[in-house]
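# Tertiary structure, described
For reference, the chains in residue letters:
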Amino acid sequence: MMEKSGEDSRGPKDDMVVFSNGCREEPSGGDGGVSEAESRSQGAAAAVSPQKFTFSPKPSIEDIRRMQADFTDERDWNKFHQPRNLLLAMVGEVGEVAELFQWRGEVAEGLPDWTESEREQLAHELSDVLIYLVELAEKCRVDLPQAVLRKMALNRLKYPASKSQDARLGSAVQQ
Ligand SMILES: [Mg+2]
């Protein structure tokens, strides 16, 4: 579900689509930009305009860690949530994400051919993956936000942007 917004000068711009979860999507160009909702309503099956997409700022990764820790504590499930079990649970959820893409062939960015129900199912399964990933990091004592900063720094060193101009597909897979 999404709605147009723009009622507040401090809020989203008039041409920005605001999803019910707070995510925002806006046209990348000043002219000819078409929102995802407009694209679908116009029956644009494959051609979705390049758009900037951002996450809502909350919840943070720490918020997610705390929510899942409370959920687990309240059910006395910590005896099951050791690192290996969490890893296997996460891989299982990755499989559930893969199942949604299975047999579709290539899928265009923005998922223009997917129904709202399919998108919501994908949101659920990606959330399952993230929740288990965050809990796995917690149980392994990996400070995930800081670890991401360190890894991104390493990635920048390993794959300098100046050298990527000549890069071809398949040569820039992060490891
Ligand atoms: Mg699931």
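Please refer to the structure higher up on the page.
Here's a quick rundown of the structure.

Criteria and thresholds
Residues numbered from 1 in each chain as written. Predicted model: local features only at pLDDT ≥ 70, side-chain atom pairs only at ≥ 80, totals over all residues. Helix = DSSP H or I, 4+ residues; strand = E, 2+ residues; numbered from the N terminus. Expected span 1.5 Å × (residues − 1). Axes fitted to C-alpha atoms, helices over the stretch in contact; angles between N-to-C directions. Parallel < 35°, antiparallel > 145°, perpendicular 65-115°, else oblique. Left-handed = near helix turned anticlockwise from the far one by under 90°. Contact = placed C-beta atoms within 7 Å. Nonpolar A, V, L, I, M, F, W, Y, C, P; charged D, E, K, R; others polar.

Let's shift gears to helix α2 (residues 61-74). Compared with an ideal rise of 1.5 Å per residue, which puts 14 residues at 20 Å, α2 spans 20 Å between its outermost C-alpha atoms and is within 8% of the ideal. Backbone geometry just after α2 places Asp 76 at a positive phi near 55 degrees.

Moving on to the packing of helix α3 (residues 83-101) against helix α4 (residues 116-139). One way to put it is that α3 packs onto α4 with a least axis distance of 9 Å and a crossing angle of 160 degrees. The angle between α3 and α4 falls in the class roughly antiparallel. As for the relative orientation of α3 and α4, their crossing is left-handed in sense. Mapping the contact onto sequence places Pro 83, Leu 86, Leu 87, Ala 89, Met 90, Glu 93, Val 94, Glu 96, Val 97 and Leu 100 in α3 and Glu 118, Gln 121, Leu 122, Glu 125, Leu 126, Asp 128, Val 129, Tyr 132, Leu 133, Glu 135, Leu 136 and Lys 139 in α4. Among the residues making up the contact of α3 with α4, the classes are represented as 14 nonpolar, 1 polar and 7 charged.

With that out of the way, let us pick up α3. Compared with the 27 Å implied by 1.5 Å per residue over 19 residues, the 28 Å span of α3 between its first and last C-alpha is a close match. Remark: Trp 103 follows α3 within two positions and exhibits a positive phi of approximately 70 degrees.

Take the packing of α2 against α4 next. How two helices pack is summed up by the angle between their axes together with the distance between the axes. Relative to each other, α2 and α4 sit at 85 degrees, their axes nearing to 9 Å. Between α2 and α4, the angle falls in the class roughly perpendicular. Contacts between α2 and α4 involve Ile 61, Ile 64, Arg 65 and Gln 68 on the former and, on the latter, Leu 130, Ile 131, Val 134, Glu 135 and Glu 138. Residue composition of the contact of α2 with α4, grouped by class: 5 nonpolar, 1 polar and 3 charged.

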